[in-house]
Amino acid sequence: MQISAVTAALSADLVALGSLGDEATAEVAQRLSIAMTAPISARLVELLGQVAAELDSTLTRGRVEVRLVGGDAELVLVDDEDIEPVGETPAADSDADARISLRLPSPLKVRIEAAATSAGISVNAYIVRALQRPQHHQQPGHRRLTGYGRS
Amino acid sequence: MRSEVFETSGEVRLQVSIKSGRVELSTHDRPAVEVEVSAPSNPSYADQIKIEHIARTGRDDVRVTLPDVGALGFLSGQHRHEVDVVVRLPRGSALDLSTASAPVEAAGRYGSVRASSASGDVHLEAVGGELSAQTASGAVSVESVGGPAKIRTAAGDVSVGSAAAALVVMTASGQLQAGTVHGAQLRSASGDQSVDNAVCGNLELTTSSGDVRVGIARGSGVHVDATTVSGDLQSDIDLDGEPGESNPAEPNQVDLKVRTVSGDVRIRRGAELVTS
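### Re the overall build of chain B
Each helix and strand in chain B was counted, giving one helix and 23 strands. Out of the 276 residues in chain B, the part that is buried amounts to 50%. A separation of at least 24 residues holds for 46% of the contacts in chain B among residues at least 6 apart in sequence. Per element, the accessible surface of chain B, about 11,400 Å² overall, is 45% carbon and sulfur.

What follows is the structure in structure tokens.
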């Protein structure tokens, strides 16, 4: 992004607008055009930060960064390494010898069955894998906190 | 000082549009709008202000406006447009306010409110209806808002005491502070965000470098999904619970989604349960 080109164009607009007035106005506009260059580029960078934050919130993975290169800025899409859980490989059904009879809400059961099917594993293996996953993912570089609680 | 009193019979809508000076509003229980315009630096400046009353069936429009001075007028001396506008109007009136550098102070209870300003701060006591506020560097503070609220600033801080309906706030570098909310979407680039007491609804907080603090109202459940790239994540509320089936006796659940890049996130217990 050519931030310097935008500030230069805005300065030129301001000087042109000022020249429509009297001599004093023209001079004020001339001075303002110089003084405003830095604040305008700072505001533009702020705006880019806001753009990045808005884009970020729509991404399911990766993030958007604003990088400053010389006087100009660029928006960069950074694709994070896979945010797969750091859990152990799921124990195969045959390794599991303990047993719990589990009561759960039926809509949740339906969701688990659907998720297990789409993951291509048994419902039992899916639940074991989910339980082995740490509740609070704390990975360097990208952290996530999920869960349900009551205040 | 110029002073006018208009008797009103319908719903009142006040429009104020000035550049600099100040706007001071308050409500009363009489069906009348009292307008005072003065210019402390030079009394003649008050003469450029247009004061109008347009009465229609069921509706009274009162307008206090500075005719367009244009960009050159602005450059050639803004102080020429400096006027103080003081208005007392019926409780529940609608407001449409626009200023450049003039701060707005509105005490009392209003209907729907639209306010815009460049550098002037906007303070509203109670807004019963919808709120839409926009500033560049001016701060926006609202003690309570009953309808949906949308607030945008570039650098101005935003503070909302309590919002009964959906609240949307966007700012680049302003700080965002909200008290009791029933669903909110807060976005900032570098400003910190703080919500004291989220009761229910979707709460979406997004910031690049700002810190986020969220309080969940006592008795409310919370479903958390918070991510950060380099910030810290912390919750005083135990998040190992199982989301229950929706229970009519406990309808309050907050769906909290937080996204930060370098900002820290802290989730804690809010104030006592607030009934909506």
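That was the structure; now back to the text.
### Some points on the overall build of chain A
Across its full length, chain A carries five helices and four strands. Along chain A, helices and strands appear, N-terminal first, in the series α-α-α-β-β-α-α-β-β. The burial tally for chain A puts 24% of its 151 residues in the buried class. Considering only intrachain contacts with a sequence separation of at least 6, the fraction spanning at least 24 residues in chain A is 41%.

### Some points on the interface of chain A and chain B
Listed as interface residues are 32 residues of chain A and, on the opposing side, 50 residues of chain B. When chain A packs against chain B, close to 3,400 Å² is buried across both sides, 54% of that on carbon and sulfur atoms. Three residues, Leu145(A), Tyr148(A) and Ser151(A), lead the burial of chain A against chain B; their summed loss comes to 26% of the area buried on that side. Between Arg144(A) and Asp225(B) there is a salt bridge; the shortest N-O distance is 3.0 Å. One can count 15 residue pairs in polar contact (both at pLDDT 80 or more) joining chain A with chain B. Breaking the side of chain A that touches chain B down by element, the ones donating at least two residues are helix 2 (23-35), helix 3 (37-58), helix 4 (106-119) and strand 4 (142-150) of chain A. Residue composition of the side of chain A that touches chain B, grouped by class: ten nonpolar, 14 polar and eight charged. Across eight bridges, strand 4 of chain A lies against strand 20 (residues 221-228) of chain B in antiparallel orientation. Within the sheet, the bridge partner assigned to Gly147(A) lies in strand 20 of chain B and is Val224(B).

Reading the values: the criteria
Residues numbered from 1 in each chain as written. Chains lettered and ligands numbered in written order. Predicted model: local features only at pLDDT ≥ 70, side-chain atom pairs only at ≥ 80, totals over all residues. Heavy atoms only, no water. Helix = DSSP H or I, 4+ residues; strand = E, 2+ residues; numbered from the N terminus. Buried < 20%, exposed > 50% of the residue type's maximum accessible area, 1.4 Å probe, protein only. Contact = heavy atoms within 4.5 Å. Areas by Shrake-Rupley, 256 points an atom, 1.4 Å probe, with all protein chains shown as cover. Buried area = accessible area lost by both parts, 1.4 Å probe. Salt bridge = Lys/Arg side-chain N within 4 Å of Asp/Glu carboxyl O. Polar contact = N/O pair within 3.5 Å; in protein donor to acceptor, adjacent residues only side chain to side chain. Nonpolar A, V, L, I, M, F, W, Y, C, P; charged D, E, K, R; others polar. Pairing = 2+ DSSP bridges.

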